Amino acid sequence: MKGKQLLLVFIKEHKWSYIFGIFILLSTTLVNMTIPKILGEITDGLNSRNMLQEQVVKYVLLLLGVVFAVFVLKLIWRYLLIGNCRSLEVYLRDHLFKHMQTLPVSFYSNNRTGNLVAYAINDVQAVRMTFGFGSVNILDGIAATFISIFFMAGTINPVLTAMALAPVPVAVFVMVMIGRLIRDRFRKVQEAFAAISEKVQENISGIRVIKAFAQEKEEVDNFLKYSKRRVDTQMDLTRISALLGPCAQVCFGISFLLFIVYGSAQVIKGTITLGDYVAFNSYMMAIMGPVMNISRIIDVLQRGIASFRRLNEIFDTPAGIAQSEGEQDISGIYGGLEIRNLNFTYPGASRRALKNINIKLDSGKTLGILGKTGSGKTTLVNLLLRLYDVDDGHILIDGSDINSIPVDLLRESIGYVPQDNFLFSTTIRDNIEFFKNLYSDYEIEQAARISGVYDNIISFPEGFDTVVGERGVTLSGGQKQRISIARALVKKPSLFILDDSLSAVDTKTEEEILANIREHLKKRTGIIISHRVSTVKFADEIIVMDNGKIAERGSHEELLRLEGAYFSLYRAQNQQEAGA
Amino acid sequence: MRADAMHDEFVLQKRKFKFLRLMAYFKPFIPLLVLSVALALLVNAAILAKPYIIKLVIDDYIVAGNYDMGSIWLLGLLYFLMVLMGSVLGYMQTNILTYVGQKIMFNIRNQIFEHIQKMSMNFFDKNSTGRILIRVTTDVEALNELFSGVMVDLIRNFIMLAGIVIMIFTLDVRLAFVSISCVPIIAGIMVVYRIAARKNLIRMKGLLAKINGFLAENISGMKLVQIFNREKEKYEELRKLDGEYFKCSLREVILNSFSKPVVEIVNNLTIAVLVIFCMGRILEGSLEIGVLFAFIAYIKQFFEPISEISEKYTAIQSAIVSSERIFDILDKRDTQEDMMGGKPAGRLKGAIRFENVWFAYENEAWVLKDVSFSISPGETAAFVGATGSGKTTIISLIMRFYDIQKGRILIDGQDIREYRLEDLRKQITVVLQDVFLFAGDIKSNIRLNNSITDDEIECAARYVSADSFIESLPGKYDEEVKERGCTFSAGQKQLISFVRAVAFNPAVLVLDEATASIDTSTEQAIREAMSKISRNRTSIIIAHRLSTIRSADKILVMHKGRIRETGNHDELMALGGIYCRLCKAQTEGGDLPRIQQ
């Protein structure tokens, strides 16, 4: 769903609270604006000395009544309108995340995690501010201004009103102009701050290099520049932002001057009363507030709009795979795989990542894929996992087109071990069963045993309940890889895919794990990807990929006899290890 | 109980001390601060004069029916003058205080950064990058809030309060007492509200941090979640977090809805009481009506400073917490390295000798146990051993990243601790296995702030055959290096770090061979470069592949923190020990890439 539609749906859902809230907001402003009038009446009464004390008390009680009414009304509209926008914040974030979950892998390689988190937190909050603070203040400001002008001109004196308000447009203009400058300079302050952050982060991450080359002094000198920039940008900002208040004050100062001179004359002449005079003063104050707030409101609105645009870009990013059409009713997957004339180009790329791939793998067999980085190994796996849609050629699983198999079923049936061993910062158990309580303790332990990580796990005091990651135990790369393998094994998948996942374990362990997996794979279809011959050589069929194409195929012995790429790779790796 | 009380006392004293220490940063700026207080006095005087001027207009001219337009004009202009004066002086005061705040920040920030640069590796092992980052950035900014925001407003507001009190008491003592009586009510409401709001705010921030963490982790691991088909579970997890956050958020809205309006109610209540209290006197003519007007105006201004002061409370709290964290780091002097102390090293020859070295990163968990060896100038020595056998630790010790607990490390016959640290490190160059590149360009990554000419850089690049790869880049030597060199492959980064090593022309070169999988053609280039740069100088290679080190003058086989075998390839093969077994295993297995445990 697109961003705008999401907003419309939200507003429709909260239609009544919005209508009611805005109505109450406007009434509050109206009621609030009677206070100067009441004080004016009291002043007149006291001034002319013709009012009885009881009458004054009555007015005072009326004043208190109005004040209390304003309090209650304000509470109600704030609860309705501001409460709504708090709910909008959560609503937008939930939907954003839900949408992100459908986005393809390429989206995540093009966008930095930090930025995406910022979208979901800061930008969502900026939109909330626009809907809350921004729109409420606009409504309130406009209402207060018009009601004040109505009272001033309608019940007190139109000429005085016109005179007093003459400088106001100037004030508004100045506020808007200064506001624009402030925004530019504020951005520079933020950039200076971000630059400091980046500098420090880089410095600390590279501290070994800095120390090794004794660059500390130079780094400090370098840092001074960034630090100085922060001071300069802030001063630039302050020089302008500190003008905001004084400028408005001076503009209104002229209004007050005119009010004092002309207004006083009118009272003395008897055209208006002293109470009107006092009330007029209050109304001018009431207009001053919104005018001085203008630049802040514009700022909030602009930020909200910019943020919403960014969010919309994400909402507009199409999901990674089209919703399956003509899904077949398939109850299980057995792991027979056939790939026919498969071509694939990444969205937005010009070069084909896979060219004319044909593979037939019977259920229970193992396929080895060998190739350099960028040869298309991982792309092939991405397609098998249906992280991307296949439109040129066919992938058939148990004879049915992959596009007709429900995605959940497909992915549930594949046990995938990724290249990068990513673990969540939760317990090891959670990482293996992966956030769904599906497996018994025995199954989890068994998976850990096959992947050769069981002994490591039970050596931790908390065993399988050990929390890993930042707030817990730090695991070695090899331990992480083996937990990733256990995570794939515990599913008892029909198709097991090992994507170059044994690089961080030592050779002896690698052999053990491979032996275990081989045993395990007897009943299952397996795909083992590597850039090393030793890892794939036991496979039933091995394909060598080069530049998106299958360059060679056959069993280990057949490929050696071929004396092609496989053979030379075998020899190169042999020599490398044995020492040429 | 007593112990608790004593402890509290101690904490309080510590706090007081920290506060005084913070204040010490103000010292160079005392003249500016005095000026700004003087300005604040004038600004407040101008603000307070305004209602009084209108009071004069009302009482002396309007009520009295005194149609003296000249005087009214004069008062009007005086009013405008007050506005003008308040604005100009206020502007100046804000600028001065911002300047002082920024300068103090500048000093503190640089002080911490410089301090951190001098920390030993131990410190960086124990503190995560994120944590240190926050000290230099967020914590300093929190102090900024204290210096430029809070101090300014606090001074201004207190002066304002004092000014209002003085004004109302001069106008009418009895009415002043009536108005002041509402202060305890306001203060009480403020305190209750602040406590509730703070508690809620802390919870809210905690939840937001959790949501932040959740998103960061789940976006990084999104592919995995998709592949394992756990989108629904993860979505539900976020919704739960967001639900809790919403509850806090709504509570904040309600709390905020109470705070200001309640103050307004009390404010108006005071006005009502004032009116009732003085109506008798006005009606009987013993009190001027303008006084009532002025009182109402002052009372309205009275509450602003109070509510602002209470708003600053949170900022002060978080600034104090930040300052404690900053001082904690600044007080860690024991782990500081003294870069300039010790003897100047001159040009080292590169003889390295370990004598019965024992070393542990922590306590008695010995990583190196009684290690002794010596490497002559110009020799190439290779260390072989499984991960965790202590190879990498040896490099760190030669660089003196850590000090050893027992034994001696000698370079050119002199204890490593006697050398000036800077000289020592400048003459030993390490090429680490995961190469770190700084944002900038290729040149700046090679010369690293030192005066190395472009020619020297290109020469070094040719020497290790990195020139063809660098020159194939669109910007050549000026090609931009992004954050951590993410646009380069591991092999390319390795080559750049070789150029860096050669350009520095060190006496001792330490190579930590890369374990990462690099494609075969780059690997060939890297191996050639390695053999070239180790020529004519003492070189130490931490080997992960045996093929690289066959020609080394000396091979040291490490196992569990001890040196088990020493000799060249042929000697060690003849010995028939660990090394021999390793080599045989590789020949038989054909393609075992790494060394067995």
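Cut-offs used in this document
- Residues numbered from 1 in each chain as written.
- Chains lettered and ligands numbered in written order.
- Predicted model: local features only at pLDDT ≥ 70, side-chain atom pairs only at ≥ 80, totals over all residues.
- Heavy atoms only, no water.
- Helix = DSSP H or I, 4+ residues; strand = E, 2+ residues; numbered from the N terminus.
- Rg over C-alpha atoms; globule rule 2.2 N^0.38 Å.
- Buried < 20%, exposed > 50% of the residue type's maximum accessible area, 1.4 Å probe, protein only.
- Contact = heavy atoms within 4.5 Å.
- Areas by Shrake-Rupley, 256 points an atom, 1.4 Å probe, with all protein chains shown as cover.
- Patch = residues over 30% accessible without salt bridge, like charges linked within 9 Å, V, L, I, M, F, W, Y side chains within 5 Å.
- Salt bridge = Lys/Arg side-chain N within 4 Å of Asp/Glu carboxyl O.
- Pairing = 2+ DSSP bridges.
- Phe/Tyr/Trp six-rings, centres within 6.5 Å; stacked < 30°, edge-to-face > 60°.
- Lys NZ or Arg CZ within 6 Å of the ring centre and 35° of its normal.
- Buried area = accessible area lost by both parts, 1.4 Å probe.
- Polar contact = N/O pair within 3.5 Å; in protein donor to acceptor, adjacent residues only side chain to side chain.
- Axes fitted to C-alpha atoms, helices over the stretch in contact; angles between N-to-C directions.
- Domains from an automatic or database assignment.
- Nonpolar A, V, L, I, M, F, W, Y, C, P; charged D, E, K, R; others polar.
- Parallel < 35°, antiparallel > 145°, perpendicular 65-115°, else oblique.
- Left-handed = near helix turned anticlockwise from the far one by under 90°.
- pLDDT = per-residue confidence, 0-100.
- Expected span 1.5 Å × (residues − 1).
- Bend = angle between axes of the 7 residues up to and from the residue.

## Description of the overall build of chain A
At step 1: In terms of helices and strands, chain A carries 22 helices and 10 strands.
At step 2: The C-alpha atoms of chain A give a radius of gyration of 36 Å, which is well past the 25 Å a tight globule of 580 residues would have.
At step 3: Per-residue burial for chain A yields a buried fraction of 55% across its 580 residues.
At step 4: Contacts in chain A between residues far apart in sequence, at least 24 positions, make up 76% of those at least 6 positions apart.
At step 5: Total accessible area on chain A is roughly 24800 Å²; 56% of this is exposed by carbon and sulfur atoms.

## Here's the deal with a nonpolar patch on the surface
Residue and element names in this part refer to chain A.
At step 1: On the surface, Phe20, Phe23, Phe68, Val72 and Ile76 cluster together into a nonpolar patch covering about 480 Å² of accessible area.
At step 2: Listing elements by their share of the nonpolar patch, those giving two or more residues are α2 (15-32) and α4 (53-100).
At step 3: With 3 residues, α4 is the largest single contributor of residues to the nonpolar patch.
At step 4: Residue placement: phenylalanine 20 occurs in helix α2.
At step 5: Take phenylalanine 20: its relative accessible area is 46%, and that puts it in the partly exposed class.

## Some details on the pairing of strand β1 (residues 352-360) of chain B
Residue and element names in this part refer to chain B.
At step 1: Sheet topology note: the β1/strand β2 (residues 366-375) ladder contains 6 bridges and is antiparallel. Within β2, the residue paired with arginine 353 across the bridge is serine 374.
At step 2: Between the end of β1 and the start of β2, which pair antiparallel, lie 5 residues, with asparagine 363 showing a positive phi angle near 50°.

## Structural notes on the packing of aromatic side chains
At step 1: This model, assessed by the stated rule, comprises 25 aromatic pairs over all chains.
At step 2: Ring geometry for A:Phe151 versus A:Tyr283: centroids 5.5 Å apart, planes at 10°, classification stacked. You can see A:Phe151 sitting in helix α6 (residues 113-156) and its partner A:Tyr283 sitting in helix α12 (residues 274-316), a full 132 residues away along the chain. An identical accessibility class is assigned to A:Phe151 and A:Tyr283; each is buried.
At step 3: In this structure an aromatic cluster arises from ring pairing among A:Phe256, A:Phe259, A:Tyr277, A:Phe280 and B:Tyr79.
At step 4: Cation over ring: A:Arg93 sits above B:Tyr245, and NZ or CZ is 5.3 Å from the ring centre.
At step 5: The residue whose ring lies beneath B:Arg21 is B:Phe327, and the NZ or CZ to ring-centre distance is 4.0 Å.

## Quick word on the interface of chain A and chain B
At step 1: Residue-level contacts link 140 residues of chain A with 145 residues of chain B.
At step 2: For the pairing of chain A and chain B, the buried interface totals around 13600 Å² over both sides, and the portion due to carbon and sulfur atoms is 68%.
At step 3: Seen at the junction of chain A and chain B, the total is 8 salt bridges.
At step 4: With a shortest N-O distance of 2.7 Å, A:Arg86 and B:Glu252 are connected by a salt bridge.
At step 5: Across the contact surface, chain A and chain B share 25 residue pairs in polar contact (both at pLDDT 80 or more).
At step 6: At 24 residues, α4(A) tops the list of elements feeding residues into the side of chain A that touches chain B.

## Re the sheet that holds strand β4 (residues 392-397) of chain A
All names here are of chain A.
At step 1: Taken in spatial order, the 4 strands make up an open sheet running β2-β1-β4-β5, and their pairing is antiparallel. Both edges of this open sheet fall to β2 (354-361) and β5 (400-401), since each of them pairs with a single strand only.
At step 2: As paired elements, β4 and β5 share 2 bridges and run antiparallel to each other. Counterpart to isoleucine 397 in the pairing with β5 is serine 400.
At step 3: Across the sheet, helix α13 (residues 377-384) touches β1 (337-344), β2 and β4, and the angle it forms with β1 is around 115°.

## As for the domain arrangement of chain B
At step 1: Under the domain assignment, chain B is made up of domain 1 (104-330) and domain 2 (343-427 + 544-597).
At step 2: Spacing between the C-alpha centres of domain 1 of chain B and domain 2 of chain B amounts to 58 Å.

## Overview of the pairing of β4(A)
Residue and element names in this part refer to chain A.
At step 1: Pairing between β1 and β4: 5 bridges, direction antiparallel. Across the sheet, glutamate 338 pairs through a bridge with leucine 396, a residue of β4.
At step 2: Counted along the chain from β4 to the antiparallel partner β5, the turn is 2 residues long, and its residue aspartate 398 has a positive phi close to 50°.

## Re the domain arrangement of chain A
Residues and elements named next belong to chain A.
At step 1: Taken domain by domain, chain A consists of domain 1 (3-315), domain 2 (330-413 + 497-504 + 526-580) and domain 3 (417-492).
At step 2: For the pairing of domain 2 and domain 3, the buried interface totals around 810 Å² over both sides, and the portion due to carbon and sulfur atoms is 42%.
At step 3: The tally of links from domain 2 across to domain 3 stands at 0 salt bridges.
At step 4: Along the contact surface separating domain 2 from domain 3 lie 3 residue pairs in polar contact (both at pLDDT 80 or more).
At step 5: For the side of domain 2 that touches domain 3, the secondary-structure elements that each account for two or more residues are α14 (407-413) and β7 (495-499).
At step 6: Among the elements that make up the side of domain 2 that touches domain 3, the one with the highest residue count is β7 (3 residues).
At step 7: Taken together, the residues that form the side of domain 2 that touches domain 3 break down as 4 nonpolar, 3 polar and 4 charged.

## Quick word on the packing of α4(A) against helix α9 (residues 231-284) of chain B
At step 1: Orientation of α4(A) relative to α9(B), taken along the N-to-C sense of each, is 165°, at an axis distance of 9 Å. By the angle between their directions, the pair α4(A) and α9(B) is classed as roughly antiparallel. Classified by chirality, the crossing of α9(B) by α4(A) is right-handed.
At step 2: Class assignment of the residues belonging to the contact of α4(A) with α9(B) gives a composition of 30 nonpolar, 8 polar and 12 charged.

## Here we look at the pattern of salt bridges
At step 1: According to the stated counting rule, one finds 41 salt bridges over all chains in the structure shown.
At step 2: A salt bridge links A:Asp123 to A:Arg310; its shortest N-O distance comes to 2.8 Å. Note that A:Asp123 is positioned in helix α6 and A:Arg310 in helix α12, a separation of 187 residues in sequence.
At step 3: One salt bridge connects A:Glu443 with A:Lys492, and the closest N-O pair in it is separated by 3.2 Å. Here the residue A:Glu443 occupies a position in helix α16 (residues 441-450), and A:Lys492 occupies one in the loop between α18 (477-489) and β7, the gap between them amounting to 49 residues.
At step 4: On the accessibility criterion, A:Glu443 (25% relative accessible area) is partly exposed.
At step 5: By sharing partners, the salt bridges in this structure join A:Glu89, A:Arg93, A:Arg128 and B:Asp242 into a single network.

## Topic: the confidence of the model for chain A
At step 1: Of all residues in chain A, 95% have pLDDT values of 70 or greater, and the mean over the chain is 85.
At step 2: No element of chain A has a lower mean pLDDT than helix α22 (residues 565-578) of chain A, which averages 69, and none a higher one than α2(A), which averages 92.

## A word on α12(A)
At step 1: The terminal C-alpha atoms of α12(A), which comprises 43 residues, lie 62 Å apart, in line with the 63 Å expected from a rise of 1.5 Å per residue.
At step 2: The axis of α12(A) is deflected most strongly, by about 45°, at A:Ile294.

## Brief notes about the sheet that holds strand β10 (residues 538-542) of chain B
All names here are of chain B.
At step 1: Strand order in this open sheet of 6 strands is β6-β9-β10-β3-β11-β12, and the pairing throughout is mixed. Every other strand in the sheet has two partners, leaving β6 (428-431) and β12 (562-567) as the edge strands with one partner each. Ignoring strand direction, the axes of neighbouring strands in this sheet form an average angle of 20°.
At step 2: By the bridge criterion, 5 bridges tie strand β11 (residues 554-559) to β12 in an arrangement that is antiparallel. The partner of leucine 556 across the bridge, within β12, is threonine 566.

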